[in-house]
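If you want the building blocks of each chain, they are given just below.
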Amino acid sequence: MITIEKPIVIMFSSFKLTDAEREALNAISTRIHRPAKRRVYTQGEPGNHIYRIRSGAVRLEHHMKDGRNQIFAFLWADDMFGTLEGGMYHTSAITLVDTYLFQISCSALKGLVEVYPRIQALFLQQALDYAKTAERHLLLATCPLVIKRLAGFLLECTRQKDFFDRQSNILTLAMDRKDIADYLGFAIETTSRTLKELEDMGLIQRLSSQRIKIDRDRIGAFV
């Protein structure tokens, strides 16, 4: 069951918008809660909304004709998603953990930009941020050494303050082993084997299936 309520005013507090612009954005937005492992939308569906993550995490995946899924992005708090091609979503979006989203009507947004043109710059910046995310994924997925791919991925995850405790150096993975394998382009068995190799090297310590203690300095030097 999806629960819906109107968003609070701090939705776009991180952007330098006027009060009128921020209130106008809030007026066309709805706050939506999705539990872990639930679809936000499915590839090929008509695209009527774009989304911004308030808290939690989402994966974007492309379903291939041969039945495989290719995960090409993990998204975090403040990230926006909902890219359209020909009026359709070209990926599926699925929550990794309990997630709160802002849902914004595409048609209402087009009308709003006509009244407040500066708002378009906000979404352009988000598109540029998304491009940077895609670039980092490409660099990871094309690294010839699997162990460096995984080490670099874990280091990337430590950038997310909601999932990494800098005092204890403990990372809580939002995704499972299969998600990591699909993202980095290798088998799920390779994920488990490579985690053990990183642990044998003293770069990480596995505390549970989702919690890993990471030596950021050493793993940063390694990758």
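Structure: see above.
The text that follows walks through the structure, step by step, so that each part is easy to find. Everything quoted here is computed from the prediction, not taken from an experiment.

1. As for the sheet that holds strand β15 (residues 211–214)
Pairing within the open sheet is antiparallel, and its four strands lie in the order β12-β13-β15-β14. The sheet is open, and its two edges are formed by β12 (164–165) and β14 (204–206), each paired on a single side. Here helix α6 (residues 188–200) sits on the sheet in contact with β14 and β15, set at roughly 125° to β14.

2. So, the sheet that holds strand β10 (residues 92–95)
If you walk across this open sheet you meet the four strands as β3-β10-β5-β6, and the pairing is antiparallel. One side of each edge strand has no neighbouring strand; the edge strands of this open sheet are β3 (39–41) and β6 (69–75). For this sheet, the mean inter-axis angle between neighbouring strands, taken without regard to orientation, is 30°. Summarising the sheet, strand β5 (residues 58–63) and β10 pair through four bridges and their orientation is antiparallel. Along β10, the bridge assignment pairs L60 with A93. The strands that helix α5 (residues 177–184) touches are β5 and β6; relative to β6, the one it contacts most, it runs at about 100°.

3. Digging into the packing of aromatic side chains
What characterises a pair of aromatic rings is the spacing of the ring centres plus the angle enclosed by the ring planes. Going through the model one piece at a time under the given rule, you end up with eight aromatic pairs. With centroids separated by 5.5 Å and ring planes inclined at 20°, the aromatic side chains of Y51 and F81 adopt a geometry described as stacked. Separated by 30 residues along the polypeptide, Y51 in strand β4 (residues 49–55) and F81 in strand β7 (residues 80–81) bring together distant segments of the chain. Here F81 falls in the buried class, since its relative accessible area comes to 4%. An angle of 65° between the planes, with centres 5.3 Å apart, marks the rings of W76 and F163 as edge-to-face. Taken as a pair, W76 in the loop between β6 and β7 and F163 in the loop between α4 (146–157) and β12 lie far apart in primary sequence, 87 residues in all. By relative accessible area, which is 10% here, W76 ends up buried. An aromatic cluster of three or more residues is present, and its members are Y41, Y51, F81 and Y89. Taking NZ or CZ as reference, K148 lies 5.5 Å from the ring centre of F222, over its face.

Cut-offs and rules
Residues numbered from 1 in each chain as written. Predicted model: local features only at pLDDT ≥ 70, side-chain atom pairs only at ≥ 80, totals over all residues. Heavy atoms only, no water. Pairing = 2+ DSSP bridges. Helix = DSSP H or I, 4+ residues; strand = E, 2+ residues; numbered from the N terminus. Contact = heavy atoms within 4.5 Å. Axes fitted to C-alpha atoms, helices over the stretch in contact; angles between N-to-C directions. Phe/Tyr/Trp six-rings, centres within 6.5 Å; stacked < 30°, edge-to-face > 60°. Buried < 20%, exposed > 50% of the residue type's maximum accessible area, 1.4 Å probe, protein only. Lys NZ or Arg CZ within 6 Å of the ring centre and 35° of its normal.

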